[in-house]
Amino acid sequence: MRFMSYAAAACLAAAFTITTAQAADISGAGATFPYPVYGKWADAYKKETGIGLNYQSIGSGGGIKQIKAKTVTFGASDAPLSGKDLDDSGLAQFPMVMGGIVPVVNIEGVKPGDLTIDGPTLAKIFMGEITKWDDPAIKKLNEGASLPSSAIAVVHRSDGSGTTFNFTYYLSAVSDDWKSKVGTEKAVEWPVGIGAKGNEGVANNVANTKGSIGYVEYAYALQNKLTYTKMINKDGKTVAPTSDTFAAAASHADWSSQPGFGVILANQPGADSWPMTAATWILIYKQPKDPAAAAEALKFFAWAYKDGGKMAEELDYVPMPDNVVAEVEKMWSADIKDSAGKPVFAMN
Amino acid sequence: MQEETAAIDTFLRDEAQRARILRGFRIGDRTFRLLTETAAIAVLVILAGVIFSLIYGSMPTWRAFGLGFLTSESWNPVTEKFGALPAIYGTLLTSIIAMLIGVPISLGIAIFLTEICPEKLRRTIGIAIELLAGIPSIIYGIWGLFVFAPFFQAYVQPALIDIFANIPVLNQLFAGPPYGIGLLTAGLILAIMVLPFITSITREVFDTVPPVLKEAAYGIGCTRWEVMRRVVIPYTRVGIIGGVMLGLGRALGETMAVTFVIGNAHRIVPSIMAPGTTISASIANEFTEAVGELYTSSLVALGLILFFITFIVLAAARLMLMRIEKKAGV
């Protein structure tokens, strides 16, 4: 019923667009992955301040297009823009919230967390090189488990998505074969499998198809009671997907190493790090056309960093660590300025 | 009463008055003509606009790949190599499956309802078919994914694989593994979706057959089958083909229901149970997140191809009708 709420939200968003002319709502567009938490924050923020958020969850690609066309105050993307792209367009970028991507399976008798899988095996399954569940490569990782000899049905996203970007980024990092034959993108030429639209589509297909494997945002795996697997991370340790292992991956990341905090959290070092952790970013102009609107947006983000952590955790997202938030806020006052060179928003 | 009539007579005898009234009629007529003409021309303008924007929007693709776009099987957003063949193949194959299953059933329903069915049942079945037409396509998609596909995967597909396992060609067509969703599932859902369209049109045209023709046939001892075969169907073939074409049009362009159950894979494999994709499903899936000029443009090019396929189908239907008319000497 997830998309019902999306549909309702879309109607709401449409209704909001009409009213934005009078009320100074914050307008943004982009990624669908953080949409539930942005919506929750927006509700609470509106109750506190009376200022609403009009966020169109049209996808990362759409968000980038809209912010470049300057039709919204901020854009949101699950895949970071490169330093060159940021410089060319005059955009500032910062991470807002994190989550985890988990492999989900549907095998008779296998319960959540029963199965362990590692990156190279996952890549081989998604390349169609491992086709049966009782393949020696899977058996080796799960000694003593009784695995059926049934065929593996691979389920992937059919729409372009930030989730796919992070997933394929991880597979490219752990498998040279994947890197050279398939690559990393929001949509790729899948060697095998069934395509399904959206996280909810993949979740439903995995739930309905015996012998299937797919990848979804952690929240979707929990909500649909899907069988997620454990994974072996870069340090060779077996980890289960939890907010803690997502946060662990984030804490090992060197955020200042990339322009615009564009660190992809897949395959991070650390004994407790979940290998497929992902952040989602906000894009905003360094010299906004409407400094007042940009200031309102930044005020909302500052509020979300400070007060939104618990709400994010309730929805199985991971809030940004304090040191990163401090860095981001420092960047705001240093980089985001009006035409007179004055910062549009200063932390008090 | 008489006084009034006299007054009207005088009124009408007044030439100037009459001319004015006639002029009024003429202006009214002209305005009416202009309005309807504008409406008709608007269709042409819209059509031209659609064709123009499809061609304009797909130019980068034609420049990059040329006609190779039509024959290439690759659909790779990473390397930006795009080809339309899997989508064209899926569109045509699912529509053919839908027609192979949908048309005989539709005709059967229509024949039963007009010729054989008792009056009471006729209403019930008629309403049921109309309701089927009113169900939004997304409902078919959800039903297909949640109810039909799991059932299909658990019971029908394994049986099909077993039955055809030792028959050459057919064992290729019905090769596993059973996923539940795929080209065949999409074709079956489409068959259900086109049923009401074809049925209601053929039913109506069957009703137009003059009873005297049928009675004459029955009178010389024809069976029901012979009456249908020799009298009703020949008499109504134009209408039947029209109904079939309408159904085919819907099957070719159907988006949501197909997207749910086809598996959305840009591949061509011999098995009709494998996942595939159609033109409209690809566009619906990928347009929102298509980044880069070539990716977007390739999706627009797919739209242009669908436009042409639909056009060719309609043209072929016309041609077929003309042939039949000629042969029949009507």
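Residues numbered from 1 in each chain as written. Chains lettered and ligands numbered in written order. Predicted model: local features only at pLDDT ≥ 70, side-chain atom pairs only at ≥ 80, totals over all residues. Heavy atoms only, no water.

Counting its regular elements, chain A contains 14 helices and 13 strands. Structurally, chain A occupies a C-alpha span of about 65 × 40 × 35 Å along its principal axes. When the 348 residues of chain A are sorted by exposure, 57% land in the buried category. Within chain A, contacts between residues separated by at least 24 positions form 74% of all contacts whose residues are at least 6 apart in sequence. (Helix = DSSP H or I, 4+ residues; strand = E, 2+ residues; numbered from the N terminus. Buried < 20%, exposed > 50% of the residue type's maximum accessible area, 1.4 Å probe, protein only. Contact = heavy atoms within 4.5 Å.)

Residue and element names in this part refer to chain A. Counting across every chain of the model gives 35 aromatic pairs over all chains. Both rings, one in Phe 167 and one in Tyr 215, keep their centres 4.0 Å apart while their planes meet at 5°; by these two values the pair is stacked. With Phe 167 in helix 7 (residues 162–174) and Tyr 215 in strand 8 (residues 212–217), the pair connects residues that are 48 residues apart, well separated along the chain. We classify Tyr 215 as buried; its relative accessible area is 0%. Taken together, a centroid distance of 6.0 Å and an interplanar angle of 65° make the contact between Trp 332 and Phe 345 edge-to-face. With Trp 332 in helix 14 (residues 322–335) and Phe 345 in the segment after helix 14, this pair connects stretches of sequence that are 13 residues apart. The same class applies to Trp 332 and to Phe 345, which are both buried. (Phe/Tyr/Trp six-rings, centres within 6.5 Å; stacked < 30°, edge-to-face > 60°.)

Trans is the prevailing form of peptide bonds, just as negative phi is the prevailing case for residues other than glycine. Residues and elements named next belong to chain A. The backbone of Lys 70 shows a phi angle near 60°, a positive value even though the residue is not glycine. Its place among the elements puts Lys 70 in the loop between helix 3 (60–68) and strand 3 (74–77). Positive phi outside glycine occurs at Asn 267, with the angle close to 55°. Under the relative-accessibility criterion, Asn 267 is labelled buried at 14%.

So, on to the domain arrangement of chain A. By convention, interface size is frequently given as the accessible area that disappears when the constituent parts associate. Residue and element names in this part refer to chain A. Annotation of chain A at the domain level lists domain 1 (6–99 + 276–347) and domain 2 (101–252). Once you take the C-alpha centre of each, domain 1 and domain 2 turn out to be 30 Å apart. Taken together, the 16 residues of domain 1 in the interface contact 24 residues of domain 2. For the pair domain 1 and domain 2, the summed buried surface comes to about 1600 Å²; carbon and sulfur atoms form 65% of the total. (Domains from an automatic or database assignment. Buried area = accessible area lost by both parts, 1.4 Å probe.)

Taken together, the contacts link 36 residues of chain A with 29 residues of chain B. Around 2400 Å² of area is buried between chain A and chain B when both sides are counted, 51% of it from carbon and sulfur atoms. Linking chain A with chain B are 0 salt bridges, by the criterion used here. Where chain A meets chain B, there are 10 residue pairs in polar contact (both at pLDDT 80 or more). Going through the elements one at a time, helix 3, strand 6 (153–157), strand 7 (194–196) and helix 9 (198–208) of chain A are the ones with two or more residues in the side of chain A that touches chain B. Here the side of chain A that touches chain B is built from residues that sort into 13 nonpolar, 16 polar and 7 charged. (Salt bridge = Lys/Arg side-chain N within 4 Å of Asp/Glu carboxyl O. Polar contact = N/O pair within 3.5 Å; in protein donor to acceptor, adjacent residues only side chain to side chain. Nonpolar A, V, L, I, M, F, W, Y, C, P; charged D, E, K, R; others polar.)

It is worth spelling out the sheet that holds strand 5 (residues 116–118) of chain A at this point. All names here are of chain A. Strands sit in the order 5-10-11 across an open sheet of 3 strands; the sheet is mixed. The strands lining the two open edges of the sheet, one partner per strand, are strand 5 and strand 11 (238–239). Note that strand 5 and strand 10 (residues 230–232) share 3 bridges and pair parallel. Looking at strand 10, one finds that Ile 117 is bridged to Met 231. (Pairing = 2+ DSSP bridges.)

Quick look at the packing of helix 2 (residues 35–49) of chain A against helix 12 (residues 291–307) of chain A now. Residues and elements named next belong to chain A. As a packed pair, helix 2 and helix 12 sit with axes 11 Å apart at the nearest point and diverge in direction by 110°. It follows that helix 2 is roughly perpendicular to helix 12 by the angle criterion. On helix 12, the residues touching Trp 41, Ala 42, Ala 44, Tyr 45 and Glu 48 of helix 2 are Glu 296, Lys 299, Phe 300, Trp 303 and Ala 304. Each residue belonging to the contact of helix 2 with helix 12 can be placed in one class, and the counts come to 7 nonpolar, no polar and 3 charged. (Axes fitted to C-alpha atoms, helices over the stretch in contact; angles between N-to-C directions. Parallel < 35°, antiparallel > 145°, perpendicular 65-115°, else oblique.)

Residues and elements named next belong to chain B. With respect to the element layout, Phe 112 can be found in helix 4 (residues 85–116). Taking the C-alpha atoms as reference points, Phe 112 and Arg 122, separated by 10 residues in sequence, lie 8.8 Å from one another. Residue contacts for Phe 112: discarding those within four places in its chain leaves Cys 117, Leu 121 and Ile 125.

Tallied over the full model, the rule gives 3 cavities of 30 Å³ or more. Taken as a whole, the largest cavity spans an internal volume of roughly 50 Å³. Lining the largest cavity we find Trp 41, Met 96, Val 97, Ala 304, Tyr 305, Gly 308, Gly 309, Pro 319, Met 320 and Val 325 of chain A. The residue makeup of the lining of the largest cavity, split by class, is 8 nonpolar, 2 polar and no charged. In terms of lining, the second largest cavity is formed by Asn 205, Asn 208 and Thr 209 of chain A together with Leu 145, Ala 149, Pro 150, Gln 153, Tyr 179 and Ile 181 of chain B. Of all the secondary-structure elements, those providing two or more residues to the lining of the second largest cavity are helix 9 of chain A together with helix 6 (137–164) of chain B. At 4 residues, the largest contribution of residues to the lining of the second largest cavity is made by helix 6 of chain B. (1 Å grid on protein atoms, 1.4 Å probe; cavity = no way out; pocket = protein on both sides within 12 Å on 5 of 7 lines; lining within 4 Å. Points joined across faces, edges and corners; volume = space filled by probe spheres on them.)

In this section: the environment of Ile 127 of chain B. Residue and element names in this part refer to chain B. Structurally, Ile 127 can be placed in helix 5 (residues 119–134). Relative accessible area serves as the criterion here: at 42%, Ile 127 is assigned to the partly exposed category. A C-alpha to C-alpha distance of 12 Å links Ile 127 and Leu 113, two positions 14 residues apart in sequence.

Next up on the list: the pattern of salt bridges. Residues and elements named next belong to chain A. As enumerated under the stated definition, the model contains 12 salt bridges over all chains in all. Taking the shortest distance from any N to any O, the salt bridge between Arg 157 and Asp 159 comes out at 2.9 Å. For the pair formed by Arg 157 and Asp 159, the shared burial category is buried. The shortest N-O distance in the salt bridge between Lys 181 and Asp 177 comes to 3.5 Å. Placement of both Lys 181 and Asp 177 in helix 8 (residues 176–181) is noted, with a separation of 4 residues, approximately one turn of the helix. The exposed category is assigned to Lys 181, whose relative accessible area is 52%. A single network of salt bridges, built from pairs that share partners, joins Lys 40, Lys 310 and Glu 314.

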